[in-house]
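Given next are the chains, with one letter for each unit.
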Amino acid sequence: MSFPPGSQRRFPAALPLLFLFALSFAFAATADGASQDNGPSSPSCNNPSDLVKVKIWVDGVEGEDLTGLTASFGALLPEEADKSPKLPAVFSNPLNGCSVSSSKLSGAVALSTRGDCDFVTKAKVAQSGGAAALLVINGKEELDEMVCSENDTSLSISIPVVMIQKSAGDAVSKSMEGKHVELLLYAPTRPIVDCSVLFLWAMSVGTIVTASLWQEFGTSEPTNDRYNELSKESSNAGPGGDDDKEILDISAKGAVIFVITASTFLVLLFFFMSSWFVWLLIVLFCMGGVQGMHNCIMTPIVRKCRNCPQKALNLPLFGEVSIVSLVVAIFCLIFAFVWAVNRQASYSWVGQNILGICLMITILQLARLPNIKVATVLLCCAFVYDIFWVFLSPLIFHQSVMIAVARGDNTGGETIPMLLRVPKLFDPWGGYDMIGFGDILFPGLLVAFAFRYDKENKKHLANGYFLWLLVGYGFGLFFTYLGLYLMDGHGQPALLYLVPCTLGLCVVLGLVRGELGGLWNYSPESSSTKNPSGGEA
């Protein structure tokens, strides 16, 4: 990446985030919490592994629902709570459930810990004791699939078998101390498509459209520094401006270095992920979000009020500062602070999306692709990066590095904020549909280039590239979510679908129209004197 003269003042907080955005390249959604443990398939051992809701009552008072996962054997649970009985909970004795229990299990939900024998043995012991269901408490905070052993090819397990997390088991155990506990198990189905995906699709496409058109909206004011209006000195650059001096041109070499650096950051996060590391990312996100939000608010204000008298204050470090800009900056700081404090609240996704969208709009103003040659290097490297860290990294690290980082393993419940998320409205399990900033920014750089190219070469929508690449991006997101559902919710590398639908479409259109050479070697500085289709391939 090359830095034009005079541009460094505008980038200090934004550039570090360009590297951190790589952490969320791949995610339209994260994988489900169940880990794979394939076992033999037989007529009595081929049940789907479904998520289970475990409702709990302590002395008649309903508590917070727990989550479990069904075994590949045993009876199926009803999909509705009113079709499942409320049963007393009893711990097996011995607790591992591997031998006949001295506790009375008849008509109850037997609870046992994982280990010392296989799952089928535990189920047989519980069933022989008259238990109506078996709840296996895992020794860790995951839900592993319970499959049959190689010797269990013919089973007669007629009770449902469910695994719950260690923390859930601890909660049940604590509740049972001198109290009567009842459990109800059922497995509600998830909708094939949640309408939250439509909102996420609209936000992603809308961000790219807004960022592309923002250039048309904002760059026509040569006498104002739209990004850092906090300092009035920067607004006196004079006409003819310094727009070109405020742009970060991405080079082919810089694109390769960027992806290598992003991979290094990702591995470091994978090995050293902790709550304090995520807090550092949250601070950086807030810094970039404040700058982006300030830019997005001040740009229309400056444009509409460019001839209005401006009162100013003289502040240390900042010099002469516009009062309007200072008020907006304070508002943005308060907004980011409130979001950070309440980031675990159910409504925090709204603030996170606002900060994220403003940040991405600003980034797409600061960075640009000069031609399709650089776009090809950047997007192809990102394409390989995405696929490797989602699908191929388990061959080396025994799990998907990208999914582990996005899921926030070992962070104490904290998650990386560099993504847009929308709550699932009709999913009984709740959760969020998500997309990483990288899946918007990288195709967005190409779409923004197409808009500039069409404008400078006076192309209309139909014979230009902007509209077609925007449509391609929309279809790419659609294919991403289609792949997500076909893969049963397991994380998908979104750039696997987005790069062919944007870069691939641009190359095909350029070939068909005979303009690929001009796109490949295009230079904004020479566009006025050079035939756009006359460059060398």
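Everything that follows concerns the structure shown earlier in this document.
Conventions used here
- Residues numbered from 1 in each chain as written.
- Predicted model: local features only at pLDDT ≥ 70, side-chain atom pairs only at ≥ 80, totals over all residues.
- Heavy atoms only, no water.
- Helix = DSSP H or I, 4+ residues; strand = E, 2+ residues; numbered from the N terminus.
- Contact = heavy atoms within 4.5 Å.
- Areas by Shrake-Rupley, 256 points an atom, 1.4 Å probe, with all protein chains shown as cover.
- Axes fitted to C-alpha atoms, helices over the stretch in contact; angles between N-to-C directions.
- Left-handed = near helix turned anticlockwise from the far one by under 90°.
- Nonpolar A, V, L, I, M, F, W, Y, C, P; charged D, E, K, R; others polar.
- Core = buried A, V, L, I, M, F, W, Y, C linked by side-chain atoms within 4.5 Å.
- Buried < 20%, exposed > 50% of the residue type's maximum accessible area, 1.4 Å probe, protein only.
- Pairing = 2+ DSSP bridges.

Turning to the overall build of the chain, a few remarks are in order. Within the chain, the secondary structure is distributed over 15 helices and 16 strands. At a minimum sequence separation of 6, the contacts of the chain that also span at least 24 residues come to 75%. Per element, the accessible surface of the chain, about 23,900 Å² overall, is 63% carbon and sulfur.

Glancing now at the packing of helix H13 (residues 466–486) against helix H14 (residues 495–513). One can describe the packing of H13 onto H14 by two numbers: an axis separation of 7 Å at closest approach and a directional angle of 145 degrees. In this structure, H13 meets H14 at a crossing whose hand is right-handed. Residue-level contacts link Trp468, Leu469, Gly472, Tyr473, Gly476, Leu477, Phe479, Thr480 and Gly483 of H13 to Tyr497, Leu498, Cys501, Thr502, Leu505, Cys506, Leu509 and Arg513 of H14. When its residues are assigned to classes, the contact of H13 with H14 shows 11 nonpolar, 5 polar and 1 charged.

In this section: the nonpolar core. Leu369 and Leu446 are the most contacted members of the largest nonpolar core, which totals 91 residues. Considering each element in turn, this core owes the most residues, 11 residues, to helix H6 (residues 275–304).

Quick look at the pairing of strand E2 (residues 51–58) now. Of all 8 residues in E2, 7 are buried, a share of seventy percent or more. Judged from the 4 bridges that link them, E2 and strand E4 (residues 66–70) form a sheet pairing that is antiparallel. Residue pairing in the sheet places Val52 in a bridge with Gly68 of E4. With 2 bridges connecting them, E2 and strand E3 (residues 61–62) associate as antiparallel partners. Within the sheet, the bridge partner assigned to Trp57 lies in E3 and is Glu62.

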